[in-house]
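Topology and contacts: notes
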Amino acid sequence: MHRPSVGIMIALFTASTVDAQLLAWYSPAGAYPSACQTGLAVGDVDGDGDLDLWVADICAGSRLWLNDGTGTLTDSGQPLGGAGASDVAMGDLDGDGDIDVYLAFDSLAFDSPNFSSPVWINDGNGVFSQGGGSSPPNASMAVELGDVDGDGDLDACLGMLGPNTIWLNDGNGLFEDSLQELGEEWTWDTALGDVDGDGDLDACFMNEAGVPNRIWLNDGAGTFSDSGRSFDADHARGVKLGDLDGDGHLDACVAHLKVNSVWLNDGTGEFTRSPGSLGNLTLTRDLALGDIDDDGDLDAWFANQGPDTVWHNEGDGTFVNRGQALGTGTSSSLVLGDLDGDGDGDAVVGDAHDQNAAIIVWRRNEIDCPEDDGTAGDLDGDGDFDEEDVRLGMSQFGITEGIPGDMDGDGDADRLDWEMLGEELGICLGDINGDGRVDAGDLGLVIGAWGLCP
């Protein structure tokens, strides 16, 4: 039913035109050699105004890649510890105003002569030296930074191969074990956020198969207790917290080896699974949340075994896969950020399963819409944008009958169809009803005025 569009469309991802639309939305912008990329973080470590990249490499040690401002990365060449780094988090650990690094290490690290501390301190110019303090006693798989005890500095929450731990910062980048044991599970990922609305940071842990994904509540002073609440237990690998349904509460998006899922929070830390799934049997190992389509809500990018997938949020916590597939490898780590300084979200994807793999930078491309002089979309050349132009635009997609405006063939006419038609006709505004948005309401006015396609 569908055939490739004659124009370039930003928001179209139909299955029949994946390759063409991939180039119009995200395109590969660089490949950088690295052995086994288990964790990625971006931040301006050298103070030049752009986002640099730290790679936690479990096979060959960490590497720091410096950005030239255009999204092109150069290896800093610094020795940043031996093999075994499983995750990385960035933040100002010593209170001097620049970005430092905290690494999680798995068991390989304890056989490395270079391992003495997970903390790497920045001199402000992007040159790092290993910090002091104590080291986690067991192997850690994930790290998240946040001020859990309310003293104004960043502490570390570690997901472990055993009891999870909280390490408290003294404000100078020296960490001490809080001596808490948060569960007994093999944890793959952790996230901090105020899930119960009391103003402090709580902890979520994603655990090995068969073990529920736990929520631990903070008393405000950095002491955690098991809430007794959990997500499902189905091979979870990653979690991100964010307001997915627009109600002001932190919800959870969970990456699984089987079925990815969204869990909606009622504001007290009680989570209910949102209907539907975000990919079946995709072997997802990481995810990132961000407003990928610029509509004001958080979308989800999943790092999969096979092509990565982007799921678009409808604003209420339900997600739609528009058919965009990115890459063909076995992605296992992912981070979003504006690498090229053009104001939108790019992506960096890593692969922990291939020692010959490369870090891939994906650049989001922006295409300028033509200035509307009143004749944008005038396909028949009569000087007006009218019913005949809409019919011609639809026919370019092979739509000549059926549900009017159903450009993507999903059985209804909705926002995506209107975006598709608008891009096809060169109409960038399209705000027919004047509510400040280009959405299904505008398409409804078109359908109501002009009726069914012949």
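Residues numbered from 1 in each chain as written. Predicted model: local features only at pLDDT ≥ 70, side-chain atom pairs only at ≥ 80, totals over all residues. Heavy atoms only, no water.

**Concerning the packing of aromatic side chains**
The description of two aromatic rings rests on the distance between their centres and on the angle between their planes. The following threshold applies: Stacked, edge-to-face and tilted labels apply to pairs of Phe, Tyr and Trp rings (six-membered ring for Trp) whose centres lie within 6.5 Å, assigned for plane angles under 30 degrees, over 60, and everything in between, in that order. The way it works is that DSSP assigns letters per residue, a run of H or I at least four long becomes a helix, a run of E at least two long becomes a strand, and they are numbered from the N terminus. Accessibility here uses a 1.4 Å probe with only protein chains present; expressed as a share of the type maximum, an area under 20% marks a residue as buried, one over 50% as exposed, and anything in between as partly exposed.
All told, the structure shown has seven aromatic pairs when counted by the stated rule. Here Phe-231 and Trp-263 contribute two aromatic rings whose centre-to-centre distance is 5.5 Å and whose plane-to-plane angle is 55 degrees, an arrangement assigned as tilted. Remark: Trp-263 occurs in strand E20 (residues 261–265) and Phe-231 occurs in strand E17 (residues 224–231); sequence separation between them is 32 residues. With relative accessibility at 3%, the residue Phe-231 sits in the buried group. An aromatic cluster of three or more residues is present, and its members are Trp-54, Trp-120 and Phe-128.

**Side note on the pairing of strand E19 (residues 251–256)**
We apply this condition: A pair of strands counts as paired when DSSP detects no fewer than two bridges linking them.
Taking burial as the measure, the six residues of E19 include six buried ones, the bulk of the element. The alternating pattern of E19 places Asp-251, Cys-253 and Ala-255 and Ala-252, Val-254 and His-256 on opposite faces, both of which are buried. Strand direction decides the pairing type here: E19 and E20, joined by three bridges, are antiparallel. Among the inter-strand pairings, Ala-252 is bridged to a residue of E20, identified as Trp-263. The antiparallel hairpin formed by E19 and E20 contains four residues in its connecting segment.

**Topic: the environment of Ser-134**
Within the secondary structure, Ser-134 is located in the loop between strand E9 (128–130) and strand E10 (140–146). On the basis of relative accessibility, which here comes to 39%, the residue Ser-134 falls in the partly exposed class. Placed 40 residues apart in sequence, Ser-134 and Leu-174 show a C-alpha to C-alpha distance of 7.7 Å.

Scope: geometric values only; no functional claims are made or implied.
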